[in-house]
Amino acid sequence: MNPILQVQGVTKDFGGLRANNNITFSVKKGELLGLIGPNGAGKSTLFNCIAGVYPVTSGRIYFDGREITNLKPYQVSRLGLARTFQIFVASGDLTVLENIMVGSFLRTRSRRKAQSEAGEILEFMELKAYSDQWVSELPVAGQKRVAMATALATKPKMLLLDEVAAGLNPTEIEQMMSLIRLIHYDKGVTVMLIEHVMELVMNLSHRVIVLDSGNIIAEGLPEEIKKNPEVIKAYLGARYVERQQEGG
Ligand SMILES: Nc1ncnc2c1ncn2[C@@H]1O[C@H](COP(=O)(O)OP(=O)(O)OP(=O)(O)O)[C@@H](O)[C@H]1O
Ligand SMILES: [Mg+2]
């Protein structure tokens, strides 16, 4: 299958700190790709470079057959690449419905159309009951779903999800997994997700990339990644293997 996203030799420096070092990978159309690694590994920075939030120091990025290196975030969104932020800040005094409409307005100027599209997404994301509430008053799980719904409202071909399961309880994680599966299969959206919740990333992903100190240290099937000694040493050891041994 054709790659929808190609990242070629991307390096991102913050002053003297190299957050991403010569990162090269591609994502196939229809793939569900996981991105894991320790805190500070450079995962969110990579998403920010892809989404045009940060300019890259060097390297090139292609999406859906076009170069998108250093485009502005709205230009990248318009081409069909949407993202959620790790820390979702609801836009001002917006209700859940209005917040999702902000996503819809990327593709339409009609308030009525935006409202009806946002309404459909509300239902899809199981947010209808919260429609008129302030986003800031929702529990974490609801806020994460609003963030995803707003990104979905831009009608993306590909979605970058940054820690949408962080802070959720086990039941909410199950629900989140079902939602991501639905977005991927039913809506046909290619998904790349950053996650520290290993149950989610290992169950959902076709393939997993591991970042450590700005470098890709492994790439493979979830089963391969779980057994990779370098990955266990750099990251999984503490988080996953021990918990499995505990029977969790
Ligand atoms: N805007 C910025 N300015 C300066 N340094 C930054 C900036 N954003 C990130 N960094 C640094 O880049 C490195 C990578 O950070 P990043 O947020 O990408 O890590 P991460 O893998 O997403 O970590 P986490 O799992 O904790 O979210 C860190 O050392 C971080 O302090
Ligand atoms: Mg991060």
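Details of the structure are given in the entry above.
Residues numbered from 1 in each chain as written. Chains lettered and ligands numbered in written order. Predicted model: local features only at pLDDT ≥ 70, side-chain atom pairs only at ≥ 80, totals over all residues. Heavy atoms only, no water.

Asker: Can you help me understand unusual backbone geometry in this one?
Answerer: Excluding glycine, a negative phi dihedral is what most residues carry, and trans is how most peptide bonds are arranged. Unlike most non-glycine residues, Lys 155 shows phi in positive territory, near 55°. Looking at the element boundaries, Lys 155 is found in the loop between helix H5 (140–152) and strand S7 (158–162). (Helix = DSSP H or I, 4+ residues; strand = E, 2+ residues; numbered from the N terminus.)

Asker: Help me understand the pairing of strand S1 (residues 3–14), please; the structure alone is not making it clear to me.
Answerer: For a regular strand, side chains alternate in direction, first toward one face of the sheet and then toward the other. Where S1 lies against strand S2 (residues 17–28), 8 bridges are found, and the strand directions are antiparallel. Bridge pairing links Gln 6 to Ser 26 in S2. Between S1 and S2, which follow one another and run antiparallel, lie 2 residues, and Gly 15 among them has a positive phi close to 55°. Taken together, the 5 bridges between S1 and strand S4 (residues 58–63) define a ladder with antiparallel strand orientation. Along S4, the bridge assignment pairs Val 7 with Ile 61. (Pairing = 2+ DSSP bridges.)

Asker: Just to check I follow, could you spell out empty space enclosed by the protein for this structure?
Answerer: Here the idea is plain: a probe the size of a water molecule rolls over the atoms and shows the empty space left. The final tally for this structure, using the stated rule, is 1 cavity of 30 Å³ or more. Each pocket or cavity is described by its volume, and for the largest cavity that value is around 40 Å³. Among the elements of the structure, H5 and helix H6 (170–185) are those that each provide at least two residues to the lining of the largest cavity. Among the elements that take part in the lining of the largest cavity, H6 stands out by supplying 4 residues, more than any other. For the lining of the largest cavity, the residue count by class is 4 nonpolar, 1 polar and 2 charged. (1 Å grid on protein atoms, 1.4 Å probe; cavity = no way out; pocket = protein on both sides within 12 Å on 5 of 7 lines; lining within 4 Å. Points joined across faces, edges and corners; volume = space filled by probe spheres on them. Nonpolar A, V, L, I, M, F, W, Y, C, P; charged D, E, K, R; others polar.)

Asker: Looking at this model, I keep getting lost on the packing of H5 against H6. Mind explaining?
Answerer: Two packed helices can be described by the angle between their axes and the distance between those axes. Their axes nearest at 11 Å, the elements H5 and H6 cross at an angle of 10°. On the basis of their axis angle, the class for H5 and H6 is roughly parallel. Within the contact between the two elements, H5 uses Ala 141, Lys 144, Arg 145, Met 148 and Leu 152 and H6 uses Glu 172, Gln 175, Met 176, Leu 179, Ile 180 and Ile 183. A per-class count over the contact of H5 with H6 returns 7 nonpolar, 1 polar and 3 charged. (Axes fitted to C-alpha atoms, helices over the stretch in contact; angles between N-to-C directions. Parallel < 35°, antiparallel > 145°, perpendicular 65-115°, else oblique. Contact = heavy atoms within 4.5 Å.)

Asker: Looking at this structure, I do not really get the site of ligand 1. What am I missing?
Answerer: The environment of ligand 1 is formed by 15 residues, the closest being Asn 39, Gly 40, Lys 43, Thr 45 and His 196. Gly 40 is positioned such that a nitrogen or oxygen atom in its backbone is 2.8 Å from an oxygen atom of ligand 1. A distance of 2.7 Å separates an oxygen atom of ligand 1 from a polar side-chain atom of Lys 43. When ligand 1 sits alone it has 640 Å² of accessible area, and the protein chains cover 65% of it. Looking at the shell around ligand 1, the elements with two or more residues in it are S2 and helix H1 (43–50). Residue classes in the shell around ligand 1 are distributed as 6 nonpolar, 7 polar and 2 charged. (Near = heavy atom within 4 Å. Polar contact = N/O pair within 3.5 Å; in protein donor to acceptor, adjacent residues only side chain to side chain. Areas by Shrake-Rupley, 256 points an atom, 1.4 Å probe, with all protein chains shown as cover.)

Asker: I keep staring at the pattern of salt bridges and nothing clicks. Help me out?
Answerer: Charged atoms that come close allow side chains of opposite charge to pair. Applying the stated criterion across every chain, the model contains 11 salt bridges. Put simply, Glu 67 and Arg 60 hold a salt bridge, and the shortest N to O gap is 2.8 Å. Residue classification places Arg 60 among the partly exposed positions, given a relative accessible area of 42%. A salt bridge links Arg 83 to Asp 162; the nearest nitrogen and oxygen atoms lie 3.8 Å apart. (Salt bridge = Lys/Arg side-chain N within 4 Å of Asp/Glu carboxyl O. Buried < 20%, exposed > 50% of the residue type's maximum accessible area, 1.4 Å probe, protein only.)

Asker: Got a minute to help me understand the sheet that holds strand S5 (residues 66–67) in this structure?
Answerer: Backbone-to-backbone hydrogen bonds pair the strands of a sheet. The strands run either parallel or antiparallel. Strands sit in the order S2-S1-S4-S5 across an open sheet of 4 strands; the sheet is antiparallel. Two strands lie at the open edges of the sheet, namely S2 and S5, each paired on one side alone. Its contacts with the sheet put H1 on S1, S2 and S4, and the angle it makes with S2 is roughly 65°.

Asker: Looking at this structure, I do not really get the pairing of strand S10 (residues 215–220). What am I missing?
Answerer: When strand S9 (residues 207–212) meets S10, the two strands line up antiparallel, connected through 5 bridges. Along S10, the bridge assignment pairs Val 210 with Ala 218. Where S9 hands over to S10, the hairpin turn is made up of 2 residues, of which Ser 213 adopts a positive phi near 45°.

Asker: Honestly, the packing of aromatic side chains in this entry has me stumped. Any pointers?
Answerer: Under the counting rule described, the total for this entry stands at 1 aromatic pair. With centroids separated by 5.2 Å and ring planes inclined at 85°, the aromatic side chains of Phe 14 and Tyr 54 adopt a geometry described as edge-to-face. In this pair, Phe 14 is assigned in strand S1 and Tyr 54 in the loop between H1 and S4, connecting sequence segments 40 residues apart. Residue Phe 14 is classed as partly exposed on the basis of its relative accessible area, which comes to 33%. (Phe/Tyr/Trp six-rings, centres within 6.5 Å; stacked < 30°, edge-to-face > 60°.)

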